Every structure is written in structure tokens, then in C-alpha cells.
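# Overview (structure and organization)
If you want the building blocks of each chain, they are given just below.
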Amino acid sequence: DSGVTQTPKHLITATGQRVTLRCSPRSGDLSVYWYQQSLDQGLQFLIQYYNGEERAKGNILERFSAQQFPDLHSELNLSSLELGDSALYFCASSTLADPRGTIYFGEGSWLTVV
Amino acid sequence: AQKVTQAQTEISVVEKEDVTLDCVYETRDTTYYLFWYKQPPSGELVFLIRRNSFDEQNEISGRYSWNFQKSTSSFNFTITASQVVDSAVYFCALSEAISNNNAGNMLTFGGGTRLMVKP
């Protein structure tokens, strides 16, 4: 158990809908990350927050947004969902914002868009 | 741009065999970090090890060992006396500082190697 908690574990939704994935980082970690794992793209970095502020952005679609709240939990919002958004979405956390911090991953949220 | 290549997409071994998973990386940074993660069939990503670019000492942890060679930009992972529970997808990853005023952290993953250990 990495200490990173993600909910929901599984989610099935229809195209065009909007979903929110939630993440609680490990105790004491200030940095939160979101990654997407799909069959065709592999593991892709989406976005990083550190202590409430966006720190780095990867290949995150405009239909996707994220935020980190004062209690350090984070949410990833996915809107206007398409079939291709079906993937395993990981949240991860680390103590530091920079590469000196080891990144620990949660168990992931399986999203299926039908 | 950084890149991680795991040329072996799938490896199948019989229990108790030794197996080495290859990882080759590309980076222009002099300071970087390398990782291995394990993804069992249940899906979670489990951290195994992290190495700094300035520390080329090999590491052993039980049946696991890692060989870091800067000269060949490789960070290979060996499982000795493999067991069925080792069956998983293994990912090698590279981390560089993101160049801006507030350094961030981004892992670049290889495509993964699926290891199947048969009884």
C-alpha cells in the first residue's frame, strides 16, 4: 500500500459525460501528479500540483482539468468524454516538487467510456 | 527530450530461472533519476527502486538487483530465481527537472516489459 488513495476504483460512463476522479496523497506529501495509462499511449504524464499550485503540465487535453485543494487532495475532471478517454488514471504523490522526490502511485481509477 | 526504451515487450520464463529486463534511456541532463516500477495484474504501480545519475553503484535487494551503467545509458533489472508472483509488467522510468522557474517533476516511462513466470 503506497498510501495514495484514489476513488472511484472503477467508473463506467457514457460519451459526452463528465466525471471527477479524486485523490488523497500520502501523508506529508505536498506534490500530486496525474498520469494516464492507455493501451495505445502507454503511461503519460498529465499534470503536477505542488501545495495547491500547478507546477508542471504534460499532454493534458483541454477537456481535462485538475486542481489541488488546501487539504492537499486533488481532483481530475474529465469532460465531454470520448471513447478514447477510456484508460487507467493514476494519481501519485511525492514530498518534493522536483525530481529529488520519489513518486508513489495509487491503485488507479479505471475509466470506461461507452 | 528524454526517452526510455524497453526493447523487450514480453518475456516468458519458467520458475526459478533468472531473468534480466533491459532499459535504455536518453537524456541531455547531467542530473537525472531512474526508476523501476512493477504493475501486477491488479493494476497498481508499485515503486521498486530509484537511482541518481551520480551514483553508479549496483544495488541488490533480495532476489532483485539493478545494474546502472552510465556509459551505455542503461539501467537493467535482474530477478534471480524468479517466482510466479513476479509475473507483472515492469516499467523503467526517467525523471528530469522541468526547466522553468519552479522546477517540476515528470516521469517519462518506457513501454514496459511483461514478464510471465510459469510454474
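For the structure given in this document, a descriptive report is provided here. For every chain, the first residue of the written sequence is number 1, and numbering continues from 1 onward in sequence order. Chains carry letters from A onward and ligands carry numbers from 1 onward, assigned in written order. Totals for whole chains, interfaces and linings use every residue, but because this is a predicted model, local features are given only for residues with pLDDT of at least 70 and side-chain atom pairs only at 80 or more, for both listing and counting. Hydrogen atoms and water are omitted, and side-chain values are computed over all heavy atoms in the structure.

### Some thoughts on the overall build of chain B
Stated precisely, the cut-off is as follows: To qualify as a helix, a DSSP run of H or I must reach at least 4 residues; to qualify as a strand, a run of E must reach at least 2; elements of each kind are numbered from the N terminus. Exposure classes here rest on a 1.4 Å probe applied to the protein chains alone. A residue is buried below 20% of its type maximum, exposed above 50%, and partly exposed in between. Contacts are assigned to residue pairs with any non-hydrogen atoms lying within 4.5 Å of each other.
Counting its regular elements, chain B contains zero helices and twelve strands. Projected onto its principal axes, the C-alpha coordinates of chain B cover approximately 50 × 30 × 25 Å. Looking at the 119 residues of chain B, the share that counts as buried comes to 47%. Long-range contacts, defined as pairs at least 24 residues apart, comprise 56% of the intrachain contacts of chain B with a sequence gap of at least 6.

### A few points about the sheet that holds strand 1 (residues 5-7) of chain A
Residues and elements named next belong to chain A. Basically, it comes down to this: Strand pairing is defined by DSSP finding a minimum of two bridges between the two strands. Throughout, an axis means a line fitted to C-alpha atoms (over the contacting stretch in the case of helices), and angles, computed between N-to-C directions, take values from 0 to 180 degrees.
The four strands are arranged 1-3-8-7 in an open sheet whose pairing can be described as antiparallel. Looking along the sheet, the strands with just one partner apiece sit at the ends: strand 1 and strand 7 (64-68). Neighbour to neighbour, the strand axes of the sheet diverge by 15 degrees on average, direction disregarded. Where strand 7 lies against strand 8 (residues 74-78), five bridges are found, and the strand directions are antiparallel. Opposite Ala66, over in strand 8, you have Leu76 as the bridge partner.

### As for the interface of chain A and chain B
Worth spelling out the cut-off: Summed over both partners, the accessible area (1.4 Å probe) lost when two parts come together is defined as the buried area. Salt bridge, as used here, is a side-chain nitrogen of Lys or Arg placed within 4 Å of a carboxyl oxygen of Asp or Glu. What qualifies as a polar contact is a pair of N or O atoms within 3.5 Å, subject to a donor-acceptor requirement within protein and to the restriction that residues adjacent in sequence count only when both atoms come from side chains. Polar here means any residue other than Ala, Val, Leu, Ile, Met, Phe, Trp, Tyr, Cys and Pro, which are nonpolar, and Asp, Glu, Lys and Arg, which are charged; Gly is therefore polar.
Contact residues are listed per partner, giving 22 residues for chain A and 23 residues for chain B. For the pair chain A and chain B, the summed buried surface comes to about 1,800 Å²; carbon and sulfur atoms form 61% of the total. One can count zero salt bridges joining chain A with chain B. Joining chain A to chain B, the criterion identifies ten residue pairs in polar contact (both at pLDDT 80 or more). Grouping the amino acids of the side of chain A that touches chain B by side-chain chemistry returns 13 nonpolar, five polar and four charged.

Remember, this is a structural readout, not a statement about activity or role.
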